[in-house]
Amino acid sequence: NRVAGPATGPSVGKHDPGKRDPVQRIYTRAVELFQDGFPELARPLFEQVSAAGHAPASLKESAAAYQVRIAMRLHPKNMDQEVRAFAFRHPGSVHAMPLYREAGHLKLSSGDPRGAYTQFELARGSSGSETEKAELTYWMAEAAAEFGDLDRARLRFIELADAYPE
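The structure reproduced in this document is the subject of the present report. Given the structure is predicted, the values throughout are model-derived calculations rather than measurements.

Glancing now at the packing of helix H4 (residues 57-74) against helix H5 (residues 79-89). Where H4 meets H5, the axes come as close as 9 Å, and the angle between the chain directions of the two elements is 170°. Between H4 and H5, the interaxial angle falls into the category roughly antiparallel. Contact residues: Glu-61, Ala-64, Ala-65, Val-68, Ala-71 and Met-72 in H4; Met-79, Glu-82, Val-83 and Phe-86 in H5. Split by residue class, the contact of H4 with H5 holds eight nonpolar, no polar and two charged.

We now examine the nonpolar core. Ranked by size, the top nonpolar core spans 23 residues in total, and within it Val-68, Met-72, Val-83, Phe-86, Leu-99, Tyr-117 and Phe-120 carry the most contacts. Counting only elements with at least two residues in this core, the list comes to H4, H5, helix H6 (96-109), helix H7 (113-124) and helix H8 (130-146). Judged by nonpolar contacts, the second largest core, of 16 residues, contains Val-23, Phe-46, Ala-63 and Tyr-66.

Turning to its location among the elements, Ser-93 is positioned in the loop between H5 and H6. For Ser-93, the side chain forms a polar contact with the side chain of Glu-61, separated by 2.5 Å.

The next point concerns the environment of Gln-48. With respect to the helices and strands, Gln-48 occurs in helix H3 (residues 39-51). Judged by relative accessible area, which is 43%, Gln-48 ranks as partly exposed. When the C-alpha positions of Gln-48 and Val-23 are compared, they lie 8.0 Å apart, and in sequence the two are 25 residues distant.

At a closest axis distance of 8 Å, the pairing of H6 and H7 adopts a crossing angle of 165°. As the angle between them shows, H6 and H7 are arranged roughly antiparallel. H7 is crossed by H6, and the crossing has left-handed handedness. Mapping the contact onto sequence places Met-97, Tyr-100, Arg-101, Ala-103, Gly-104, His-105, Lys-107 and Leu-108 in H6 and Pro-113, Gly-115, Ala-116, Gln-119, Phe-120, Leu-122 and Ala-123 in H7.

Think of it this way: side chains of opposite charge can pair up when their charged atoms draw near. Per the stated rule, a full pass over the model turns up nine salt bridges. Close ionic contact of Glu-102 with Arg-69 constitutes a salt bridge, the shortest N to O distance being 2.8 Å. Note that Glu-102 is positioned in helix H6 and Arg-69 in helix H4, a separation of 33 residues in sequence. Of the two residues, Glu-102 and Arg-69, both sit in the buried class.

Since one α-helical turn is 3.6 residues long, residues separated by three or four positions face the same way. Under the 1.5 Å per step criterion, the end-to-end length of H4 is 26 Å for 18 residues, consistent within 8% with the ideal 26 Å. In this fold, the buried residues of H4 make contact with helix H2 (22-35), H3, H5 and H6.

All right, on to the packing of aromatic side chains then. Ring pairs (aromatic) are described by centroid distance and by the angle formed between their planes. Enumeration over the complete set of coordinates arrives at eight aromatic pairs. Aromatic side chains Tyr-27 and Phe-46 sit 6.0 Å apart centroid to centroid with 70° between the ring planes, which places their arrangement in the edge-to-face category. Here Phe-46 lies in helix H3 and Tyr-27 lies in helix H2, a separation of 19 residues in the sequence. Put simply, the rings of Tyr-27, Phe-34, Phe-46 and Tyr-66 pair up and form one aromatic cluster. A cation sits over an aromatic face here: Arg-69 above Tyr-66, 5.4 Å from the ring centre.

The rules behind each value
- Residues numbered from 1 in each chain as written.
- Predicted model: local features only at pLDDT ≥ 70, side-chain atom pairs only at ≥ 80, totals over all residues.
- Heavy atoms only, no water.
- Axes fitted to C-alpha atoms, helices over the stretch in contact; angles between N-to-C directions.
- Helix = DSSP H or I, 4+ residues; strand = E, 2+ residues; numbered from the N terminus.
- Parallel < 35°, antiparallel > 145°, perpendicular 65-115°, else oblique.
- Contact = heavy atoms within 4.5 Å.
- Nonpolar A, V, L, I, M, F, W, Y, C, P; charged D, E, K, R; others polar.
- Core = buried A, V, L, I, M, F, W, Y, C linked by side-chain atoms within 4.5 Å.
- Buried < 20%, exposed > 50% of the residue type's maximum accessible area, 1.4 Å probe, protein only.
- Polar contact = N/O pair within 3.5 Å; in protein donor to acceptor, adjacent residues only side chain to side chain.
- Left-handed = near helix turned anticlockwise from the far one by under 90°.
- Salt bridge = Lys/Arg side-chain N within 4 Å of Asp/Glu carboxyl O.
- Expected span 1.5 Å × (residues − 1).
- Phe/Tyr/Trp six-rings, centres within 6.5 Å; stacked < 30°, edge-to-face > 60°.
- Lys NZ or Arg CZ within 6 Å of the ring centre and 35° of its normal.

This is the structure:
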């Protein structure tokens, strides 16, 4: 009898799709490259995953979301179009809210608080947890304050306080 442990069991070897499926391996390598700070090397790998006819739809969608993240960094002027195009191609995607949120933070850090507000608002309208929506409301208030709309900032902060009184 073999004891299941880190090196044995059903998730290792022939049952592990990451070990057998070349598209999954390509995706995993692309994510590693992206996380290690090499988006330009990850991009063609994500494109391969997106183009693979037999890849699961969820894997293709995730690869497409990474492609948008890469495009936002390499071509920040086009980030609005990139994120909206993704949301249009993948309605209801779990990746839309994080992409809008990321675009909002990129816009805020690059000195575009109005654009950030819009991205945070779009993110809040996407699927997400109540905690995520509260955080987005906070960032909407911060962005509004930064572009000088103190009434809008105050309303967002009041909305936040009403939703989370403790």
